[in-house]
Amino acid sequence: MSATRPDVIRLILDDHESFRARFAELDTLRDDATAAAAVWGPLAAELEVHATAEEEFFYPQLLDRVDGMVDETEDAVSDHDEIRHGIRRAAAAEPGSDEWWAGISDARAANDEHLAEEERDDLAPFLEKTSLEVRERVGEQFAAFKREHAHGAGLDYSDTGSDEYLAEHT
Ligand SMILES: [Fe+2]
């Protein structure tokens, strides 16, 4: 049975890998706005779905189950909001324009820093301190949220706000 239930750590790492690959692909499409837009549109939506799924299901569990994770969670939510700023900057610009690329570049810079920090400071302690059963249960919720909000359905890319988030979850 457990083979069919995904560990949330695996799901998050798979998303990270896919984000890295697609940002790298965008670098090769600087001269082809149509092709770049075809990569960026779905990527922007998945960044938002992923960040929101983490905020809904992963970070509350991290705060509950691992001591001393408040600063790390604040950092992560702030990073998610920075990624969202880049996405919104690009969304307000003409695809292929300098401003559009600047928004993508903002999102990428925030995302690059965030993924490395999250893997080291958040995923690693969660993996160490929780059982496979817990990680699979969170994984099911994470996967269901992603299915429900495929292509960003129902999400609005607005800031979560780390202060508000912590007030609600701690
Ligand atoms: Fe994240």
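About the thresholds
Residues numbered from 1 in each chain as written. Predicted model: local features only at pLDDT ≥ 70, side-chain atom pairs only at ≥ 80, totals over all residues. Helix = DSSP H or I, 4+ residues; strand = E, 2+ residues; numbered from the N terminus. Buried ≥ 20, exposed ≤ 12 C-beta atoms within 10 Å, placed from the backbone. Contact = placed C-beta atoms within 7 Å. Expected span 1.5 Å × (residues − 1). Arc of directions from axis to C-beta. Axes fitted to C-alpha atoms, helices over the stretch in contact; angles between N-to-C directions. Parallel < 35°, antiparallel > 145°, perpendicular 65-115°, else oblique. Left-handed = near helix turned anticlockwise from the far one by under 90°. Nonpolar A, V, L, I, M, F, W, Y, C, P; charged D, E, K, R; others polar.

Undergrad: What am I meant to see in the environment of His114 here?
TA: Along the chain, His114 turns up in helix α4 (residues 98–129). For His114, a count of 21 C-beta atoms within 10 Å gives the class buried. Expressed as a C-alpha distance, the spacing of His114 and Ala76, which sit 38 residues apart in the sequence, is 6.9 Å. With near-sequence residues (within four places) excluded, His114 lies in contact with Ala76, Asp79 and Ile83.

Undergrad: I would appreciate a short explanation of helix α1 (residues 8–27) in the present structure.
TA: Owing to its 3.6 residues per turn, the α-helix brings residues three or four apart onto one side. The end-to-end C-alpha distance of α1 is 29 Å, a good match for the 28 Å that 20 residues give at a rise of 1.5 Å each. Within α1 the residues assigned to the buried category are Val8, Ile9, Leu11, Ile12, Asp15, Phe19 and Phe23. Seen from one end, α1 has its buried residues packed into an arc of 160°, which puts them on one side. Among the exposed residues of α1, those pointing more than 90 degrees away from its buried face are Arg10, Asp14, Glu17, Ala21 and Ala24. For α1, the secondary structure elements touched by its buried residues are α2 (33–65), α4 and α5 (132–148).

Undergrad: In this structure, what is going on with the packing of α1 against α4? I would like to understand it.
TA: In a packed pair of helices, the relevant descriptors are the angle between the two axes and the axis-to-axis distance. Where α1 meets α4, the closest approach of the two axes is 11 Å, and the angle between their N-to-C directions is 155°. In terms of orientation, α1 and α4 fall into the roughly antiparallel class. When you trace α1 past α4, the crossing you get is left-handed. On α4, the residues that touch Ile9, Ile12, His16, Phe19, Phe23 and Leu26 of α1 are Ile104, Arg108, Asn111, Leu115, Glu119, Leu123, Phe126 and Leu127. Its residues assigned to classes, the contact of α1 with α4 comprises ten nonpolar, two polar and two charged.

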